[in-house]
There are 2 protein chains.
Amino acid sequence: MSKLLIVGTVAFDAIETPFGKTDKILGGAGTFIGLAASYFNVDAAIVSVVGGDFPEKYLALLEDRNIEVSGIEVVPNGKTFFWSGRYHNDMNSRDTLATELNVLADFDPKVPANYKDAEVVMLGNLHPTIQLDVIKQMTSTPKLIILDTMNFWMDNTWDELMEVIAKVDVITINDEEARQLSGEYSLVKAAQKIIEMGPKYVVIKKGEHGALLFDHDSIFFAPALPLEEVFDPTGAGDTFAGGFAGYIASRQDISFESMKNAIIYGSNLASFCVEKFGTQRMETLTTKEVRDRLKQFKRLTQFEIELT
Amino acid sequence: MSKLLIVGTVAFDAIETPFGKTDKILGGAGTFIGLAASYFNVDAAIVSVVGGDFPEKYLALLEDRNIEVSGIEVVPNGKTFFWSGRYHNDMNSRDTLATELNVLADFDPKVPANYKDAEVVMLGNLHPTIQLDVIKQMTSTPKLIILDTMNFWMDNTWDELMEVIAKVDVITINDEEARQLSGEYSLVKAAQKIIEMGPKYVVIKKGEHGALLFDHDSIFFAPALPLEEVFDPTGAGDTFAGGFAGYIASRQDISFESMKNAIIYGSNLASFCVEKFGTQRMETLTTKEVRDRLKQFKRLTQFEIELT
């Protein structure tokens with residue numbers, strides 16, 4: 001079985017949507033990536049940091065899904081990273097109510113010895129210096145390094161971000177971030193400029209409008225599944241990335257055809273994530289549910305036109 | 001060969017985009033619908049009205065594409081409907097600079113005698129009373145009536161619009177209009193509410209984000225082709241509708257499977273429309289170009305995942 005190394009936040013989230021609000025619940029990019037990747041037949045480990053306030057049961061929840069947690073450092077006297085946000089009625093925009101970095105401010109990632117040869121590395125959205133640090137700790141060159149990042153790092157740590165981007169094989173960002181990173185409005189042009197920066201593949205996440213996969217000469221599109229209700233979008237992007245990384249790691253196939261399937265699976269898993277608050281839906285996800293939804297994706301997109 | 005009756009504006013447009021601006025050029029929903037539909041093997045006729053200022057060469061251009069123009073009334077002392085708009089840098093929003101109804105203010109549509117038994121009727125965006133009037137002139141029940149409309153008629157002529165909607169088989173509107181019409185934010189819920197108003201099929205156009213086709217229990221999605229450059233979006237929605245109507249009319253197949261192909265063709269043709277100002281690109285479109293682009297749509301959307 002191949003190994004997937006994930007670096008990303010493991011955190012508390014407090015969420016308000018038009019459907020309700022939560023107290024501090026389990027969240028963080030690393031958590032959502034791990035839960036999604038664990039759907040596939042891979043050995044996964046998360047590198048992260050939490051405080052002494054982080055409940056044992058959350059670590060147990062991850063371990064139950066075959067996710068190695070030895071790389072999640074616990075700082076006994078520290079507090080866990082906390083994010084709080086409120087979604088507007090359209091669910092596409094949100095206000096951040098609180099961001100408390102806490103132990104994340106001094107995060108010094110340590111890749112477990114048995115994951116320094118992981119075939120696939122998924123760098124969740126974090127300071128690019130931390131992402132670089134993880135790459136440097138690898139003792140053998142991964143088959144595939146996937147980078148997630150955001151506009152904040154483009155605004156504040158451009159040079160470090162460029163250094164990471166040059167070292168990765170796949171970058172996943174949203175449409176506005178692709179435009180900011182490239183200076184191009186057209187996503188087709190943006191992707192080509194980003195490919196010149198280093199990555200072989202660019203995945204542009206458009207939320208409810210799906211995701212685009214680019215290499216230097218091909219484009220593939222995975223729609224988001226149209227849903228009756230989006231209950232809580234938190235973690236959908238990370239779940240998409242985790243599904244992508246998990247699929248690739250389980251197949252050990254880094255061709256464009258494999259990436260196509262990976263973004264379909266990413267979109268598939270993300271469509272579950274938004275059905276309940278936080279990680280709730282992902283915790284109960286079954287193989288049958290994912291398979292049935294895959295059939296829905298086929299019905300949604302597959303057509304037969306004879307060329308006349 | 002089956003007959004497609006189109007009612008819609010034939011007009012002058014003056015367009016500004018970040019790439020340049022035009023004088024008064026050929027425009028109008030009926031024009032774009034007709035040009036797109038004429039790509040298919042159908043007899044098409046446009047019902048509309050123009051002024052004495054409308055150049056003969058524009059009518060000849062339509063006739064050259066096998067579009068019957070006897071239903072386009074010429075009011076010698078009148079002026080042709082004129083619209084002028086300026087697109088913003090993102091091409092997704094625009095300011096209307098001028099709307100001069102002119103002869104359209106007194107438009108009294110007259111369906112040519114030989115089109116009163118047309119198999120397919122495409123009602124372009126117009127006052128719902130005009131759309132109703134056209135339906136009433138049909139002497140045999142069309143196989144399919146397709147309605148395009150917009151928020152303006154929802155704001156100003158709700159009752160008349162409801163009367164038309166109850167009589168049509170397919171409605172094509174954009175996402176915001178679907179929300180306004182249904183009072184539902186979720187497009188899945190919106191489509192189901194609209195189906196309760198009468199149409200069997202709902203097509204929701206999302207511009208650069210593609211189009212969704214709904215019936216009471218199925219959804220199909222056609223992406224927009226990601227383009228390096230959108231030169232002028234004017235007429236893209238009408239070209240989509242014209243491609244949809246033209247395909248259906250040429251096949252005389254009104255099944256969901258046929259509608260799926262129809263929105264793929266609509267998206268295909270619309271992707272050409274935006275490449276040049278106004279109708280320019282559609283005037284030179286070849287069969288080979290459309291076929292090649294259909295292959296691009298397949299590469300963009302078709303995947304093979306074995307269910308494991």
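Look up a bit, the structure's there.
Notes on the structure in this doc start here.

Quick notes on the rules
- Residues numbered from 1 in each chain as written.
- Chains lettered and ligands numbered in written order.
- Predicted model: local features only at pLDDT ≥ 70, side-chain atom pairs only at ≥ 80, totals over all residues.
- Buried ≥ 20, exposed ≤ 12 C-beta atoms within 10 Å, placed from the backbone.
- Helix = DSSP H or I, 4+ residues; strand = E, 2+ residues; numbered from the N terminus.
- Core = buried A, V, L, I, M, F, W, Y, C linked by C-beta atoms within 7 Å.
- Contact = placed C-beta atoms within 7 Å.
- Least-squares fit on C-alpha atoms with pLDDT ≥ 70 in both.
- Axes fitted to C-alpha atoms, helices over the stretch in contact; angles between N-to-C directions.
- Parallel < 35°, antiparallel > 145°, perpendicular 65-115°, else oblique.
- Left-handed = near helix turned anticlockwise from the far one by under 90°.
- Nonpolar A, V, L, I, M, F, W, Y, C, P; charged D, E, K, R; others polar.

Describing helix α1 (residues 29-37) of chain B
Next, step 1: Within α1 of chain B, nine of the nine residues are buried, which leaves it mostly tucked inside the rest of the structure.
Next, step 2: The set of residues buried in α1 of chain B consists of A29, G30, T31, F32, I33, G34, L35, A36 and A37 of chain B.

Quick word on the nonpolar core
Next, step 1: If you look at the biggest cluster of nonpolar residues, it comprises 98 residues, and the most contacted ones within it are L4, I6 and A245 of chain B.
Next, step 2: No other element matches helix α9 (residues 256-273) of chain B, which puts nine residues into this core.
Next, step 3: If we ignore the near neighbours within four places in the chain, the residues touching L4 of chain B are A37, V42, A44, A118, V120, M122, A245, G246 and A249 of chain B.
Next, step 4: Formed by 97 residues, the second largest nonpolar core is a distinct cluster that contains V42, V111, A118 and L187 of chain A.

Side note on the relation of the copies chain A and chain B
Next, step 1: Mapping chain A onto chain B leaves a residual RMSD of 0.0 Å; the transformation is a rotation of 180° accompanied by 0.0 Å of translation along its axis. Both chain copies can therefore be described as sitting about a two-fold axis.
Next, step 2: The fraction of interface residues of chain A whose copies in chain B are also interface residues reaches 100%, indicating that both copies meet through the same surface.

Quick notes on the interface of chain A and chain B
Next, step 1: Counting from both sides, the interface comprises 29 residues of chain A and, opposite them, 29 residues of chain B.
Next, step 2: Elements supplying a minimum of two residues to the side of chain A that touches chain B: α7 (187-196), β15 (219-222), α9 (256-273) and α11 (287-301) of chain A.
Next, step 3: With five residues, the single largest contributor to the side of chain A that touches chain B is α11 of chain A.

Focus on unusual backbone geometry
All names here are of chain A.
Next, step 1: Residue N66 is not a glycine yet carries a positive backbone phi of 65°.
Next, step 2: Take N66: it is sitting in the loop between α2 (56-64) and β6 (67-68).
Next, step 3: Phi is positive for N102, which is not a glycine, with a value near 50°.
Next, step 4: One can find N102 in the loop between β9 (94-100) and β10 (120-123).
Next, step 5: Note on N102: 20 C-beta atoms within 10 Å, which makes it buried.

Some thoughts on the packing of helix α1 (residues 29-37) of chain A against helix α8 (residues 236-251) of chain A
Helix-helix packing is described using two parameters, namely the angle between the two axes and the distance between the axes.
Residues and elements named next belong to chain A.
Next, step 1: As a packed pair, α1 and α8 sit with axes 7 Å apart at the nearest point and diverge in direction by 45°. Compared by their axis directions, α1 and α8 come out oblique. Classified by chirality, the crossing of α8 by α1 is right-handed. Every residue of α8 that contacts α1 at A29, F32, I33, G34, L35, A36 and A37 is listed here: D238, T239, A241, G242, G243, A245 and G246.
Next, step 2: Classifying every residue of the contact of α1 with α8 gives eight nonpolar, five polar and one charged.

Digging into the environment of I173 of chain A
Residues and elements named next belong to chain A.
Next, step 1: Its location among the elements puts I173 in strand β12 (residues 170-174).
Next, step 2: Sequence spacing of I173 and I204 is 31 residues, and the spatial spacing of their C-alpha atoms is 5.3 Å.
Next, step 3: Setting aside anything within four residues of it in sequence, one finds I173 in contact with T149, A178, L181, I204 and K205.

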